[in-house]
Amino acid sequence: MKQINFFDTPKIDQVGIDDRISRITARSIKKEAKVKGLYMILNMIDLTTLEGADTEDKVKHICYKAMHLHDEYPDLPTTAAVCVYPNFVKTAVTELKGSGVKVASVATAFPSGQADTQTKLADVKEAVDNGADEVDMVISRGKYHSGDYDFVFNEIATIKAAIGKARLKVILETGELGNLDNIRRASDIAMYAGADFIKTSTGKIKPAATLPVILVMMEAVRDYYYNTGRMVGIKPAGGISNAKLALQYLLLLKETLGGKWLNNTYFRFGASSLANDVLMQIVKQKTGNYQSKDYFSKD
Amino acid sequence: MKTKVDIDYSSDWPLAPAPESMSHINLKEKYDLFINGKFVKPKSGKYFDTFNPANEKLLAKVALGDADDVDIAVKAARKAYTNVWSKLSGKERGKYIFRLARIIQERAREFSVIESLDGGKAIRESRDIDIPLVSAHFFYNAGWADKLDYAFPNRKPKSLGVVGQIIPWNFPLLMASWKIAPALAAGNTVVIKAANTTPLTLYKLAEAVKDAGIPDGVVNVVSGRGSVVGMAIVNHPDVNKIAFTGSTGVGKIIMNAIAGTGKKATMELGGKAANIIFEDAALDQAVEGVINGIFFNQGHVCCAGSRLYVQESVYDVVLRKLKGRMQSLIIGDPLDKNTDIGAINSKDQLNTINEYIKIGLKEGAEIYQPECTLPKKGYWCKPTLFTHVAQSNRIVQEEIFGPVLAIQTFRTIDEVIEKANNTPYGLSAGVWTDKGSKIFNMTSQLRAGVIWANTFNKFDPASPFGGYKESGFGREGGIHGLEPYLKFD
Amino acid sequence: MSRIAILKTYKIYIGGKFPRTESGRFYQPKFDNKALANMCLSSRKDFRNAVVAARKAQGGWAHKSAYNRSQILYRIAEVLEGRKAQFVAELALQGSTEALAKEEVNLSIDRLIYYAGWCDKYIQMYSTVNPVSGSYFNFSVPEPTGIVAAFAPEKSGLLGLVTQICSIIAGGNTCVILASESKPLCAITFAEVLATSDVPGGVINILTGNRAELLTHFGSHMDVNAVLYCGADKNDIKTLQELAVESMKRTRIREDGDYFDAKHENPYYIFDFQETKTTWHPIEQIAGAGSGY
């Protein structure tokens, strides 16, 4: 492939992006469209626990939750995946066996990414060797800001080469990139380096995912698709805790990338508390009554 | 663009209907003229029908006024001017206008729904753009009423007297606010003619004027045929000023009629705006701007960006994105909150647009319309683009006033400036580039009254609006918009 | 033996040159029944040629720096100052007293300087930054209307003419102006001043001739952007305003009276031939108050 000059990526007009988002947030998603959307959201969630305080038990609990979102409604889907640190991958694989729920693992010195490539490779290897289906790596933001786009590109490509069949999600940590132009450029670097997914955030930095950020990433994915014919997935992570906002993400996805992206092969939500809000909305739609958090298990 | 792949915007996740609630919408069966603070029957005793263009259903009957009614209205306006309005202090005048602004805000939902019912525009636009701007215009101008001396230092501004105003059907209430608000702030009284296909909200505004306690005769609303009621206003000897928004053709008839009479005039006429995309633009936002530029209000917009010029190096990608975005637009019931493009305002206008589409095809242009099903009843037109057009084509030269975009390419700045200015119109223009110095070059070279750089179709009461050349003269909005309603020493 | 004086030939002024009228026609303005000179009786084609010259000059004139335009107006005043005597003599020939003639010339010089001073200021007076809602920078500036076709005041042969010319060109317009029919001498001598100042050819074009003959052509020329009529003839005004409609020319009416009055020193005369252009541009909103894109 022709060398891409990442110093010359397409420009983004932030006010124009906001304008477009205001069209999405003004939309009204009601009735059967809402219910269907809510089911899709559940099925797109990477149920996530990434705490220093995580334990085997905690991981087991969220694995159970991923498979049994709300047992009173047996037609509910499972989440798309469970997302944990590499040392919990084995546990998650065991717990989720046969459920179809994927195991995703953050790696590459998550969340800062401040380590040499060899350390990162070791980290990734642990995750994959333990059976992770998906690897969520972070880019080197320091190198990015110093303009060493080749380094960022090569690092992603190296990781991609090391993970075999596992799918690679590349976390841009958009909250550290400074503006939308950088988010566009980082998206391009990640995709051309081989990312299967581009993901906004670690969840450790604010702001995390926002609609404007995701729109910029979707437009990058669309241009990449136009250029190469390869579909890259998108994962907003962090900051999406209510169903209404999640529905707006889906609508933005539908209007930007179309129906082929509307599934968990190409779209994920990285979230820990979104699932319960979505469940409350589903139960509200079915019973007509507004719900209380106390009736939905935390994990 | 190395591949031929396209995005498929169809999905098995359609949005459910989300109709705006019709509760608390008060529509009478019949609307009488509003003269001297009262709703009065027209002298002729006749009424005309106003329809919902989205389903062709009758909405209400509206008074068919004539010259006699206009005369009564002008007399009422003169009396109100002499006896009441011109004697009020600017401060008190301003308070009345503030009151009106507030009432419009309070009744915004009702006004929005009626605007969409009567005109076919998407509720998203009447709710988020038209009606909020209407009250904003009254708010903005209200504050000027007691500050005119600061607006025109050393000129001793004075009101004109009775002003006659004629508004178009595309933004009925918004255009009424653009006209009534500065006229009242400047101390004039008003006789205003409602648009023929969309008269209802102006009569709703008359109700609000009454509710605001604005003295009788300060605002008078008449409706009827342009050739009768409109011309009666224009020709009335006791009208001091004419403010008109509408086609250049009618504007010329009016200007001819008032030649030599000493009447002041403001003309806000047609347009054929160039929207120019350079290769270094933020292309996705530019495409969104093109969409807003031409499909806003079904293209029934005098400043619509109806001529798109794309730098040749990015033509393919822009076209691909534009077509994709058009596929994702939702066309249908104007009262559905998710509708992007509503109904064409009238059967006549639909015929005009369809005629131009035929002309475009005959001129050899290539047409693109997204796949979508249009409602069976009502007046509808798919968003349309024409490629392979020439500057000399009629669809490039003439104002279509519908959702029809003509696309041409260019290579250099020189070339595109020449093409953009190559029109008798000069209302608005758009430029898309990420380079600052190029923006200022373009915005200073383009001969148009409003230039949108890296945006399009934005409006604000503080922002002067109006054209160069055959797009008219005088400004509406901002400090500049007061001047046409004043005389000076 | 007394010397035989050389009589001056008054030509017209188009594109910085002094052609005779293409029509070959002349007329003789008179005072006290005495013919003053042979003046060109300009034709429709002379007017057309003048408009072509004015159009050619317009872009360059409008895009000169305001400072530079100001200096050029000032330069006209300087050159006029040096030729005062000739103007006083011509005004006297046309019926003025010497005292009034002197005052008229002095005021003409002062008026040029007055408008010279406005060139780089009126834009500041009339421009606004408009506080719109939403994240946009929005500003309005005046721009020249383009070509102004003007009928100079009939009664004020020099000062009336100069007032119109300098208020038109100070704002970046170019003009074609028809001099007073009965008092045309100073207009052409003023053209000689212009030709030796630094005014680019075509910015000011001066015709002599008959107002009635040229009226409809001034009103109907499609490449004229505005018409200025100094006078009060109702039929003339109506005709001009009707003709102006076809290309939506701006029409302005000024008096044909006393141009000695200080009210003619007035920046709003400049704004009479300005269009307001409003420009919008987004303002990026990042950082600061934690927009967090």
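Preceding block: the structure.
**So, the pairing of strand β8 (residues 174–178) of chain C**
Two faces belong to every sheet, and in a regular strand the side chains alternate between them.
Residue and element names in this part refer to chain C.
1) Next: The buried fraction of β8 is high, at five of five residues.
2) Next: The alternating pattern of β8 places Thr 174, Val 176 and Leu 178 and Cys 175 and Ile 177 on opposite faces, both of which are buried.
3) Next: With four bridges joining them, β8 and strand β9 (residues 204–207) adopt parallel strand pairing. Across the sheet, residue Leu 178 finds its bridge partner in β9, namely Leu 207.

**What about the packing of helix α10 (residues 283–295) of chain B against helix α11 (residues 315–327) of chain B?**
All names here are of chain B.
1) Next: Closest axis-to-axis distance for the α10/α11 pair is 10 Å, and the angle between their directions is 55 degrees. With respect to each other, α10 and α11 are oriented oblique. Crossing of α10 against α11: the hand is right-handed. Together, Leu 283, Asp 284, Val 287, Glu 288, Val 290, Ile 291 and Phe 295 of α10 and Val 317, Val 318, Lys 321, Leu 322, Arg 325 and Met 326 of α11 make up the contact between the two elements.
2) Next: Among the residues making up the contact of α10 with α11, the classes are represented as nine nonpolar, no polar and four charged.

**Section: the nonpolar core**
1) Next: Phe138(B), Ile180(B), Leu205(B) and Leu322(B) are the most contacted members of the largest nonpolar core, which has 142 residues in total.
2) Next: The element that contributes the greatest number of residues to this core is helix α6 (residues 172–185) of chain B, accounting for 10 residues.
3) Next: Formed jointly, this core draws a minimum of three residues from each of two domains, domain 1 (30–269 + 468–487) and domain 2 (274–453) of chain B.
4) Next: If near-sequence neighbours (up to four positions away) are discounted, Ile180(B) is found in contact with Phe138(B), Gln165(B), Val190(B), Ile192(B), Leu202(B), Leu205(B) and Val219(B).
5) Next: Met40(A), Ile171(A), Leu211(A) and Leu247(A) belong to the second largest nonpolar core, which has 112 residues in total.

**Things to note about the interface of chain B and chain A**
1) Next: Contact residues are listed per partner, giving 39 residues for chain B and 39 residues for chain A.
2) Next: In this assembly, chain B packs against chain A so that about 3,400 Å² is buried in total across both faces, 51% of it on carbon and sulfur atoms.
3) Next: Contact with chain A buries surface across chain B, with Ile7(B), Trp13(B) and Gln285(B) losing the most and accounting together for 23% of the total.
4) Next: Joining chain B to chain A, the criterion identifies six salt bridges.
5) Next: Its salt-bridge partner being Arg27(A), residue Asp340(B) comes within 2.8 Å of it at the nearest N-O pair.
6) Next: The interface formed by chain B and chain A includes 19 residue pairs in polar contact (both at pLDDT 80 or more).
7) Next: Those elements that provide at least two residues to the side of chain B that touches chain A are α4 (123–142), α10 and α11 of chain B.
8) Next: The leading source of residues in the side of chain B that touches chain A is α10(B), at five residues.
9) Next: Residue classes in the side of chain B that touches chain A are distributed as 14 nonpolar, eight polar and 17 charged.

**Quick notes on the sheet that holds strand β4 (residues 134–138) of chain A**
Residue and element names in this part refer to chain A.
1) Next: Pairing is parallel across the open sheet formed by eight strands, whose spatial order is β7-β6-β5-β4-β3-β2-β1-β8. Sheet topology places β7 (233–235) and β8 (269–271) at the edges, where each strand pairs with a single neighbour. Along the sheet, successive strands turn relative to each other by an average axial angle of 25 degrees, direction set aside.
2) Next: Where strand β3 (residues 102–107) meets β4, four bridges bridge the pair, whose relative direction is parallel. Note on β4: the bridge partner recorded for Ala 107 is Met 137.
3) Next: On the sheet, helix α7 (residues 149–162) packs against β4 and β5 (167–171) and is oriented at approximately 155 degrees with respect to β5.

**With respect to the packing of aromatic side chains**
1) Next: For the structure shown, the criterion picks out 36 aromatic pairs over all chains.
2) Next: Centroid distance Tyr136(C) to Trp280(C): 5.7 Å. Interplanar angle 70 degrees. Geometry classified as edge-to-face. Of this pair, Tyr136(C) sits in strand β6 (residues 136–144) while Trp280(C) sits in strand β12 (residues 274–282), and the two are 144 residues apart along the sequence. Summarising the burial analysis for this pair, Tyr136(C) and Trp280(C) share the class buried.
3) Next: One aromatic cluster in this structure is built from Phe171(B), Trp178(B), Phe296(B), Trp452(B), Phe456(B), Phe459(B) and Phe465(B).
4) Next: The ring centre of Phe488(B) lies 3.9 Å from the NZ or CZ of Arg155(B), which sits over that ring.
5) Next: Against the face of Tyr268(C) rests Arg155(B), its NZ or CZ located 3.4 Å from the ring centre.

**Things to note about the interface of chain B and chain C**
1) Next: Contacts between the two partners involve 43 residues from chain B and, on the opposite side, 33 residues from chain C.
2) Next: Around 3,000 Å² of area is buried between chain B and chain C when both sides are counted, 54% of it from carbon and sulfur atoms.
3) Next: Along the contact surface separating chain B from chain C lie two salt bridges.
4) Next: Glu246(C) is paired through a salt bridge with Lys252(B); the nearest N and O atoms lie 3.7 Å apart.
5) Next: Here chain B and chain C share 24 residue pairs in polar contact (both at pLDDT 80 or more) between them.
6) Next: Only α9 (248–258), α15 (436–445), β18 (450–453) and β19 (472–473) of chain B provide two or more residues apiece to the side of chain B that touches chain C.

About the thresholds
Residues numbered from 1 in each chain as written. Chains lettered and ligands numbered in written order. Predicted model: local features only at pLDDT ≥ 70, side-chain atom pairs only at ≥ 80, totals over all residues. Heavy atoms only, no water. Buried < 20%, exposed > 50% of the residue type's maximum accessible area, 1.4 Å probe, protein only. Helix = DSSP H or I, 4+ residues; strand = E, 2+ residues; numbered from the N terminus. Pairing = 2+ DSSP bridges. Axes fitted to C-alpha atoms, helices over the stretch in contact; angles between N-to-C directions. Parallel < 35°, antiparallel > 145°, perpendicular 65-115°, else oblique. Left-handed = near helix turned anticlockwise from the far one by under 90°. Contact = heavy atoms within 4.5 Å. Nonpolar A, V, L, I, M, F, W, Y, C, P; charged D, E, K, R; others polar. Core = buried A, V, L, I, M, F, W, Y, C linked by side-chain atoms within 4.5 Å. Domains from an automatic or database assignment. Buried area = accessible area lost by both parts, 1.4 Å probe. Salt bridge = Lys/Arg side-chain N within 4 Å of Asp/Glu carboxyl O. Polar contact = N/O pair within 3.5 Å; in protein donor to acceptor, adjacent residues only side chain to side chain. Phe/Tyr/Trp six-rings, centres within 6.5 Å; stacked < 30°, edge-to-face > 60°. Lys NZ or Arg CZ within 6 Å of the ring centre and 35° of its normal.

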